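Breakdown of the fold
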Amino acid sequence: MSTDNENLAAWFQTPLGGYLLDREQHYCDRMVADVFGFNAFQFGLPEYDFLRASRIALRCVVGRDGKAGLRADFRDLPIASNSADLVLLPHVLEFHVDPHQILREVQRIMMPEGQMIITGFNPWSLWGIPRLRKSARRHYPWCGQFINLSRLKDWLALLGFEIVAGRMCCYAPPFKQEKWLRRFAFMEKAGDRWWPVGGGVYFFQAVKRVRGMRVITPQWHERFAAKKNLSAIPQKAAQKEPITMKRP
């Protein structure tokens, strides 16, 4: 199996790949815009900027070659622990020989409460059917080892991640011709309503949880509490001498 997704980038130029890319880019634009911090990393696919809508100042694409800003092996990253606020994995896990080690390395570099976004192909969908043919498994994306949802959820739970959001897309059959994709476009809305787990591609947003961590906040109630004996109104009015009535 290939250890990079260079050929997957070329597949995105096909009608079927472009059909997925439009939906994937739209989802990533919406999700990364609400994540704040200092460091964001995209793993692979340097030809496509899935972090373009992010408000994080430092955004870096990690890859083995090409236009990557940081060239490195996903399994052994030259990135400090607890330093990443956002990590994006666009179809990385199903095209790598050691996906679980990649997740462990991501867990290491992420800040507590940092967020990770994963995109992947769903084997239990119409998009998983072409993989049943040996001839199709020689080409992208069908040559990948599609990871089912339950297995991925187990991996994330063991590493201390909590899934906070997710959805699916691409319910139409994986036709190669654009005209057939347009004819079956109605299946997108129907799939979200009637077949929510049958999308060809899934998106997950997970947060790194750290047990026993307590967020320390300023002592607002002490800092802004009214201090005693500073009232503008006198605490005790001066006593006047008593008035006595004299008898005539």
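Whatever comes next refers back to the structure up there.
First things first, this report covers the structure right here in the doc. It should be emphasised that the depicted structure is a prediction, and the values quoted were computed from it without experimental measurement. (Residues numbered from 1 in each chain as written. Predicted model: local features only at pLDDT ≥ 70, side-chain atom pairs only at ≥ 80, totals over all residues. Heavy atoms only, no water.)

1. Here we look at helix α4 (residues 149-158)
Along α4, the residues that are buried comprise L149, L152, W155 and L156. The arc enclosing the buried residues of α4, seen along the axis, measures out at 125 degrees, which places them on a common side. Seen from the buried face of α4, the exposed residues on the opposite side, beyond 90 degrees, are A157 and L158. In this fold, the buried residues of α4 make contact with α3 (99-109), β5 (110-121), β6 (161-169) and β7 (201-208). Backbone geometry just downstream of α4 places G160 in the positive-phi region, at approximately 85 degrees. (Buried < 20%, exposed > 50% of the residue type's maximum accessible area, 1.4 Å probe, protein only. Helix = DSSP H or I, 4+ residues; strand = E, 2+ residues; numbered from the N terminus. Arc of directions from axis to C-beta. Contact = heavy atoms within 4.5 Å.)

2. Here's the deal with the packing of aromatic side chains
Applying the stated rule across the entire model yields 15 aromatic pairs. Considering the side-chain rings of F175 and F184, the 5.1 Å spacing of their centres and the 45 degrees angle between planes classify their relative orientation as tilted. The structure contains a cluster of three or more aromatic residues connected by ring pairs, namely W11, F12, Y48, F95, F121, W127, Y140, W142 and F146. One cation-aromatic arrangement involves R131 over F146; the distance from NZ or CZ to the ring centre is 4.8 Å. Between R183 and the ring centre of W180, over which it is positioned, the NZ or CZ distance is 4.7 Å. (Phe/Tyr/Trp six-rings, centres within 6.5 Å; stacked < 30°, edge-to-face > 60°. Lys NZ or Arg CZ within 6 Å of the ring centre and 35° of its normal.)

3. Looking at a nonpolar patch on the surface
Residues W194, W195 and V197 make up a contiguous nonpolar surface patch of roughly 380 Å² in combined accessible area. Of note, V197 is situated in the loop between α6 (187-194) and β7. V197 sits in the exposed class, given a relative accessible area of 54%. (Patch = residues over 30% accessible without salt bridge, like charges linked within 9 Å, V, L, I, M, F, W, Y side chains within 5 Å. Areas by Shrake-Rupley, 256 points an atom, 1.4 Å probe, with all protein chains shown as cover. Salt bridge = Lys/Arg side-chain N within 4 Å of Asp/Glu carboxyl O.)

4. Quick look at the sheet that holds β6
Taken in spatial order, the seven strands of this open sheet run β3-β2-β1-β4-β5-β7-β6, and their pairing is mixed. With one partner strand each, in any of the chains shown, β3 (70-71) and β6 form the two edges of the open sheet. Two elements, strand β2 (residues 58-63) and β3, share two bridges in a ladder whose sense is parallel. Along β3, the bridge assignment pairs V62 with L70. Relative to β5, α3 is tilted by about 150 degrees, and along the sheet it contacts β1 (39-43), β4 (84-90), β5, β6 and β7. (Pairing = 2+ DSSP bridges. Axes fitted to C-alpha atoms, helices over the stretch in contact; angles between N-to-C directions.)

5. Re the packing of α3 against α4
For any two helices packed against each other, one specifies the crossing angle of their axes together with the interaxial distance. The interhelical angle for the contact between α3 and α4, taken along N-to-C directions, is 35 degrees, at an axis separation of 10 Å. By crossing handedness, the relation of α3 to α4 is classed as right-handed. Residues P99, H100 and L103 of α3 touch α4, and the partners they reach there are L152, W155 and L156. Here the contact of α3 with α4 is composed, by residue class, of five nonpolar, one polar and no charged. (Left-handed = near helix turned anticlockwise from the far one by under 90°. Nonpolar A, V, L, I, M, F, W, Y, C, P; charged D, E, K, R; others polar.)

So, to be careful, I would describe these as geometric facts and stop short of saying anything about function.
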